[in-house]
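Each chain, written out:
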Amino acid sequence: MSALMKIEAVTIFPDYFSPLNLSLIGKAQSAEIIEVKIHDLRSFTDDNHNTVDDTPYGGGAGMVMLPEIWGRALDPLMVDGTDLIILTPAGKRFDQKMAEKFATSEHLVFACGRYEGIDDRVRIHYSSPEYSSRNIRVHEVSIGDYVLGGGEVASLVIIEAVTRLLPGVIGNPQSLVEESHNTEGYLEYPNFTKPQEWRGITVPEILLSGNHGEIAKWRTLQASERAKENG
Ligand code: JET
């Protein structure tokens, strides 16, 4: 029996998360497989301008997000067993294996930085033994080698990859079983449907043969050639 997974995010742009009400993730919410709660970082400010950032110590370009505001936002979310995910281009690369690991969590909290990032003491604080003894883990995660305006879109990517792995979210669980057999992540063969000929291009003959052993062999070969080409 797998319990409800709670997914929370802290952001200065809560509207970025409206797609979570659509499609697969929207249905996972209705089916009470996940519960999503988005928190506006600015609601934890106490000045008239709702300031969330300040200039960096040591100088340099841009602004850094204030640890005091992040602490106020995150403290009430850090219950026992929480996985705190900080999105950053400098983090560990997100892949299918990490998605499978996160899918076993009962509570994911996404910290979405903007500007030049969040004061590093936030990461240090929630990584302390006081938190790890309560099974609270901090993960700095990157979805790829490029720079985004903030962590919101990266969070959406991770939430989608994780949610579709939860029991009951995908109609045909066999597709997940086939995926998990590809241990290097997602190794796929090319797919074809009707019609047999489209714009002069025909479907590979083998797929029409009904020989399931030969079809499986052909697909494995195609998948490995594709993997070679795309690195
Ligand atoms: C990203 C994730 O750009 C990415 O993440 C969002 C982002 C943008 C700007 C600053 C920032 O700060 C992170 C931070 O970490 C402690 O403060 C995060 C690109 N690939 N994956």
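Conventions adopted
Residues numbered from 1 in each chain as written. Predicted model: local features only at pLDDT ≥ 70, side-chain atom pairs only at ≥ 80, totals over all residues. Heavy atoms only, no water. Helix = DSSP H or I, 4+ residues; strand = E, 2+ residues; numbered from the N terminus. Buried < 20%, exposed > 50% of the residue type's maximum accessible area, 1.4 Å probe, protein only. Contact = heavy atoms within 4.5 Å. Near = heavy atom within 4 Å. Polar contact = N/O pair within 3.5 Å; in protein donor to acceptor, adjacent residues only side chain to side chain. Nonpolar A, V, L, I, M, F, W, Y, C, P; charged D, E, K, R; others polar. Pairing = 2+ DSSP bridges. Axes fitted to C-alpha atoms, helices over the stretch in contact; angles between N-to-C directions. Phe/Tyr/Trp six-rings, centres within 6.5 Å; stacked < 30°, edge-to-face > 60°. Core = buried A, V, L, I, M, F, W, Y, C linked by side-chain atoms within 4.5 Å. Patch = residues over 30% accessible without salt bridge, like charges linked within 9 Å, V, L, I, M, F, W, Y side chains within 5 Å. Areas by Shrake-Rupley, 256 points an atom, 1.4 Å probe, with all protein chains shown as cover. Salt bridge = Lys/Arg side-chain N within 4 Å of Asp/Glu carboxyl O. Right-handed = clockwise from strand over helix to strand, strands pointing away.

Draft legend 1. Here's a closer look at the overall build of the protein chain. Check the secondary structure of the protein chain and you find eight helices and nine strands. Its C-alpha atoms give the protein chain principal-axis dimensions of about 70 × 45 × 30 Å. Counting across all 231 residues of the protein chain, residues that qualify as buried make up 37%. Of the contacts formed within the protein chain by residues at least 6 apart in sequence, a portion of 77% connects residues at least 24 apart.

Draft legend 2. Quick peek at the site of the ligand. Around the ligand, the surrounding shell holds 15 residues, and the nearest of these are Gly117, Ile118, Ile143, Tyr146 and Leu148. Ile118 has a polar backbone atom sitting 2.5 Å from an oxygen atom of the ligand. Between the ligand and Leu148 there is a distance of 2.9 Å, counted from an oxygen atom to a backbone nitrogen or oxygen. With four residues, strand 5 (residues 82-93) is the single largest residue contributor to the shell around the ligand. A class-by-class count of the residues in the shell around the ligand yields nine nonpolar, six polar and no charged.

Draft legend 3. Spatial organisation of the sheet that holds strand 5. Pairing in this open sheet of five strands is parallel, and the strands run 2-1-6-5-7 from one edge to the other. Because the sheet does not close on itself, it has two edges, and the strands there are strand 2 (34-40) and strand 7 (137-142). When the angles between neighbouring strand axes are averaged without regard to direction, this sheet yields 25°. Relative to strand 2, strand 1 (residues 5-11) runs parallel, the two sharing seven bridges. From the neighbouring strand, Lys6 faces strand 2, where its bridge partner is Glu35. Contacts from helix 2 (residues 67-74) reach strand 1, strand 5 and strand 6 (107-111) within the one sheet, and its direction differs from that of strand 1 by about 155°.

Draft legend 4. Broad picture of the packing of aromatic side chains. Considering all chains together, one arrives at two aromatic pairs under this definition. Ring geometry for Tyr126 against Tyr131: centres 5.1 Å apart, planes inclined by 65°, an arrangement best described as edge-to-face. Taking relative accessible area as the criterion, Tyr131 reaches 6% and is therefore assigned buried.

Draft legend 5. Examining the pairing of strand 6 more closely. For strand 6, the buried fraction is high: five of the five residues fall into the buried class. By the alternation rule, side chains of strand 6 split into His107, Val109 and Ala111 and Leu108 and Phe110, which are all buried. Pairing between strand 1 and strand 6: five bridges, direction parallel. The residue bridging Glu8 from the neighbouring strand is Val109, located in strand 6.

Draft legend 6. Local environment of the nonpolar core. Within the largest apolar cluster, 32 residues are counted, with the highest numbers of intra-cluster contacts made by Ile34, Ile85, Phe94, Phe102, Phe110, Ile158 and Val162. Contributing elements (two or more residues each) for this core: strand 1, helix 1 (23-30), strand 2, strand 5, helix 3 (96-102), strand 6 and helix 6 (152-163). With six residues, helix 6 is the largest single contributor of residues to this core. Among all residues touching Phe110, those that are not within four sequence positions of it are Ile7, Glu8, Ala9, Val10, Ile85, Leu87, Ser155, Ile158 and Ile159. Ala73, Leu84, Val122 and Tyr131 belong to the second largest nonpolar core, which has 20 residues in total.

Draft legend 7. Structural detail: the side chain of Thr11. Locating Thr11 in the fold gives a position in strand 1. Discounting residues that sit within four places of it in the chain, Thr11 has contacts with Phe17, Ile38, His39, Asp40, Leu41, Cys112 and Glu152.

Draft legend 8. Structural detail: a nonpolar patch on the surface. Together, Phe13, Tyr16, Tyr146, Leu148, Val153 and Val157 make up an exposed nonpolar region whose accessible area comes to about 500 Å². Within the fold, Val153 resides in helix 6. Classification of Val153 as partly exposed rests on a relative accessible area of 38%.

Draft legend 9. Geometry of the pairing of strand 1. Taking burial as the measure, the seven residues of strand 1 include six buried ones, the bulk of the element. Crossover handedness for the path strand 1 to helix 1 to strand 2: right-handed.

Draft legend 10. How the structure looks around unusual backbone geometry. Lys194 connects to Pro195 through a cis peptide bond whose omega is 0°. Counting through the fold element by element, Pro195 comes out in the loop between helix 7 (174-181) and strand 8 (197-198). Located in the positive-phi region is Asn50, a residue other than glycine, with phi close to 55°. For Asn50, a relative accessible area of 32% corresponds to the partly exposed category.

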